[in-house]
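Residue strings, one per chain:
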Amino acid sequence: MTVSSTREQLVFSMDVTRDNLDAAIHTLASIVTKPAFKDWEVKDLLPRVRLDLAHLQESPHIQVIEGVHAAAFRHALGHSLYTPDFMVGRHSPAMLAEFWSQHCTAERMSIVGVGMSHAQLVEYVTKQFKAAAGEQANAEKGKFFGGEQRTLTFSALAHVALVTEGASHGNAKAVIALALLQKILGSGPQLKYGATAAALPSAMAKVTSGPFTATALNVNYSDSGLFGFYVAGQAADMASLIQSALGEFRAIAKSGVSEAQVKTAKQQLKAAVQMETEGSMETALSLGIQALHNGEVVSTEEALKAIDGITASDVSLTAKSVINGKPAMAAVGNLSNTPHLDQLL
């Protein structure tokens, strides 16, 4: 069993053989519906919490993503995935139990099985899962505010993320359009160890001979989203790298994208969707999030059909709307040559 968390989900996953399915689901149900937070177990986790925080301090690429969420949303989605330093050692079993009773209720759960029939899953869930209805905490909506957060560190590099409000899960057309735009701008090599000729890194390569990395950012949540870019490079190159990236975004907002660009992006996005179904855990996570946020599950065939249904005009209109939105920016590292947000607009 593994447990992971995002800004919106707490995910319990198990990978078991079919002859152990009954015992595994019983164990999972017990953990999820009747959790026990022992004082000594909470204390035993302190070294792991400190290790996670130490890793965060040595990972500017994670810091900048945490920072841009804080700048963009302030509250709700702006809360960090990491506990603040002043709370280390202060969490009690009572606090965890209260949080669980408010947030981990039956109405907020989805259960997905891969490699088993739907009837079998329903039978197990009906028999073993008795999650409490509970009094749900008032869900705080993710509202985009915009802003800037800068963190100076002793480094030769700078890391910058600049975004505007993207698409929420409920706007399927915009989600697909921005996913295609991300592919056009660049989301890393499509093949392992491969190079990329996407718009964003190609434009940046013209303004510096130094090392850098750049990718388009596209994150979707139930109430909002983020779309923009992340770039890391030598401190002296950051002003030109950021301006180059903004130039690409502004050009797309003004002139749109071509049919050829969208055709290539569709091939890349459809390949990514189909490769996601090759792993059972990845498939289960995707199905669970869909069920949780949309109340229904879209098949791979339906997803591919929806991608084919998006036109270059759809992508261009969505791009113009999103790119011209209110911005948020985070920067970490040697920021001696990194412009402030108001200097970029």
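What comes next concerns the included structure.

Conventions adopted
- Residues numbered from 1 in each chain as written.
- Predicted model: local features only at pLDDT ≥ 70, side-chain atom pairs only at ≥ 80, totals over all residues.
- Heavy atoms only, no water.
- Core = buried A, V, L, I, M, F, W, Y, C linked by side-chain atoms within 4.5 Å.
- Buried < 20%, exposed > 50% of the residue type's maximum accessible area, 1.4 Å probe, protein only.
- Helix = DSSP H or I, 4+ residues; strand = E, 2+ residues; numbered from the N terminus.
- Contact = heavy atoms within 4.5 Å.
- Expected span 1.5 Å × (residues − 1).
- Pairing = 2+ DSSP bridges.
- Axes fitted to C-alpha atoms, helices over the stretch in contact; angles between N-to-C directions.

**Some thoughts on the nonpolar core**
Here is step 1 of the chain: If you look at the biggest cluster of nonpolar residues, it comprises 48 residues, and the most contacted ones within it are L180, L181, L185, F229, V231, I242 and V315.
Here is step 2 of the chain: In terms of residue count, helix α7 (residues 172-185) provides more of this core than any other element does, 10 residues in total.
Here is step 3 of the chain: The residues touching L181, leaving out its near neighbours within four places in the chain, are F227, I252, V257, V315 and A319.
Here is step 4 of the chain: By size, the runner-up hydrophobic cluster in this structure holds 17 residues, among which are Y221, L226, Y230 and A328.

**A word on helix α4 (residues 60-73)**
Here is step 1 of the chain: For α4, built from 14 residues, the straight-helix expectation of 20 Å at 1.5 Å per residue is met to within 8% by its first-to-last C-alpha distance of 20 Å.
Here is step 2 of the chain: Burial analysis of α4 places 10 of its 14 residues in the buried class, the great majority of the element.
Here is step 3 of the chain: Taken together, the buried positions of α4 are I62, Q63, V64, E66, G67, V68, H69, A71, A72 and F73.
Here is step 4 of the chain: Where the residues of α4 are buried, they touch α3 (46-57), β3 (147-152), β4 (157-165), β6 (225-234) and β7 (327-333).
Here is step 5 of the chain: The first or second residue beyond α4 is R74, which carries a positive phi of 65°.

**Topic: the sheet that holds strand β5 (residues 212-220)**
Here is step 1 of the chain: The strand order β3-β7-β4-β6-β5 describes an open sheet built from five strands, whose pairing is mixed. Both outer strands of the open sheet, β3 and β5, are each paired with one neighbouring strand and no more. Going from strand to strand, the sheet's axes swing by 10° on average, the running direction of each strand aside.
Here is step 2 of the chain: In terms of strand pairing, β5 meets β6 through nine bridges, oriented antiparallel. Its bridge partner lying in β6, L217 is registered against G228.
Here is step 3 of the chain: Taken strand by strand, α4 contacts β3, β4, β5, β6 and β7, and its axis lies near 150° from that of β7.
Here is step 4 of the chain: Sitting on the sheet, helix α9 (residues 238-255) touches β4, β5 and β6, and the angle it makes with β6 is about 145°.

**Notes on the environment of A172**
Here is step 1 of the chain: Following the sequence through the fold, A172 ends up in helix α7.
Here is step 2 of the chain: Classification of A172 by relative accessible area gives partly exposed; the value is 46%.
Here is step 3 of the chain: C-alpha of A172 to C-alpha of M1: the two residues are 171 residues apart in sequence and 32 Å apart in space.

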